[in-house]
Amino acid sequence: MFKKTLVSGVLVATVAFAGSTQARPMTMLSSWEASYNAVPVFAEGFMQEVKERSGGELEINMRGPETVPPFEQLQPVSSGMFDFLFTHGAYHLGETGMAFGMDAVQDNPEERRESGIYELIDEHYQTQHNLKLIGVFSAASGYHFLLREPIGDSGDLSGMSIRASATYHDMVQELNGAVVTLPASEIYSALDRGVVDGAAWPVFGAMDYSWYEVADYMTRPTFGITNLSLFMNLDRWNALSEKDQELILEVAQDLEVSGREHFETLWAEEDVAMQEAGLEITEFGPETASQVDAIFAAGIWKQVRDRSGPLGADFHERAVEKGLTAE
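Small disclaimer: the values here were computed from a predicted structure and weren't measured. (Residues numbered from 1 in each chain as written. Predicted model: local features only at pLDDT ≥ 70, side-chain atom pairs only at ≥ 80, totals over all residues. Heavy atoms only, no water.)

### With respect to the nonpolar core
In globular proteins that are soluble, nonpolar side chains generally tend to be buried together.
Phase 1: Membership of the largest hydrophobic core comes to 51 residues, with the highest contact counts inside it found for F145, L157 and F315.
Phase 2: Ranked by the residues each element gives to this core, the list is headed by helix 11 (residues 292–321), at 10 residues.
Phase 3: The residues touching L157, leaving out its near neighbours within four places in the chain, are F145, L147, I151, I162, V172, L175, N176, G177 and F284. (Core = buried A, V, L, I, M, F, W, Y, C linked by side-chain atoms within 4.5 Å. Buried < 20%, exposed > 50% of the residue type's maximum accessible area, 1.4 Å probe, protein only. Helix = DSSP H or I, 4+ residues; strand = E, 2+ residues; numbered from the N terminus. Contact = heavy atoms within 4.5 Å.)

Next comes the structure, spelled out in structure tokens:
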């Protein structure tokens, strides 16, 4: 629960905001610290570009997970304690699976926006969570498993215990592995001590945690697409001028393209670095390899349909109709 002093400060700021969109800097609540690779590119990049294009009239300050834990951030932004939320859809699966569905959608920014799926996601968050969807940013890479031992004769994860968050539960089980739930902070020690045989994680970012010291293999092919979502409190959004609204959306749309291109380069560099650090590639068996993307997507769409109501079903059907998912 939030400290009383924080709540009081936010309430004072809210009163100040009511009179003018420039009465105070806006606040962005981020699910990650600044050291996480997506924050400088997408969160800080968005804040800097908004400030520059507005001539300094629109300013945003960032608060990280030390302020509010990642899995508890949706409600404080929905209620107006913060203005923006930079997060991943899996972090609020307890409330909805809608944004999580983007991890099963191909990461062509232009095709995504033209497909109409953003409008469905936006409608859901506006009506259910008092949030406006501003943008969805692709990290130009998906997910994989870091393993202590290579894939065996089964061609899948049979006999392996895998640390997995809710993002991967269905995937691990479909590949005949056993799910182990642990905080990310315990992955290194769990791999080191053999508590788990592997861990699921985005393919980009593992180097930051030195897991190559306690895992020897990384699986291929990869699956899914890592996406980060940016929302804005709907009341704050409605209080902005039409000009400021257009500016914010334009910045986000441009960043969806430029940020993805930047991440594509970063991921290629890290892939080489991981192999140079000693991680070897272990391939799924031919039958499994051809299905990993579809298996992952099926697990995500199940969450979307179960947790997001009629618009979740519409989202899934639209993605299939437009050929934007592996199913």
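### Describing the confidence of the model for the chain
As a general rule, the predicted coordinates of low-pLDDT regions are not to be interpreted in detail.
Phase 1: Of all residues in the chain, 93% have pLDDT values of 70 or greater, and the mean over the chain is 91.
Phase 2: Considering only residues more than four positions removed or in separate chains, one finds that residues 1–22, a stretch of pLDDT under 50, has 24 contacts. (pLDDT = per-residue confidence, 0-100.)

### With respect to the environment of R220
Phase 1: Considering the arrangement of structural elements, one finds R220 in strand 9 (residues 217–220).
Phase 2: Separated by 61 residues in sequence, R220 and I281 have C-alpha atoms that sit 6.6 Å apart.
Phase 3: Among the polar contacts listed, one links the side chain of R220 to the side chain of H144, at a separation of 3.0 Å. (Polar contact = N/O pair within 3.5 Å; in protein donor to acceptor, adjacent residues only side chain to side chain.)

### A word on the side chain of K132
Phase 1: Checked against the element boundaries, K132 lands in strand 4 (residues 131–138).
Phase 2: Apart from the residues within four sequence positions on either side, K132 is in contact with D122, Q126, L230, F231, M232, L234 and W237.

### Considerations on the pairing of strand 10 (residues 227–233)
Phase 1: Of all seven residues in strand 10, seven are buried, a share of seventy percent or more.
Phase 2: Pairing of strand 3 (residues 84–87) with strand 10 involves four bridges; the strand directions are antiparallel. Of the residues in strand 10, the one forming a bridge with F84 is M232.
Phase 3: Relative to strand 10, strand 4 is paired through seven bridges, and the arrangement is antiparallel. Opposite V136, over in strand 10, you have S229 as the bridge partner. (Pairing = 2+ DSSP bridges.)

### A short note on helix 5 (residues 117–129)
Phase 1: Taking 1.5 Å of rise per residue, 13 residues should cover 18 Å, and helix 5 covers 17 Å from first to last C-alpha, within 8% of that figure.
Phase 2: What helix 5 keeps buried is the set I117, Y118, L120, I121, D122, H124, Y125 and H129.
Phase 3: Each element contacted by the buried residues of helix 5 is listed here: helix 3 (74–78), helix 4 (109–115), strand 4, strand 10, helix 9 (242–276) and helix 11.
Phase 4: Positive backbone phi, approximately 55 degrees, marks N130, located one or two places after helix 5. (Expected span 1.5 Å × (residues − 1).)

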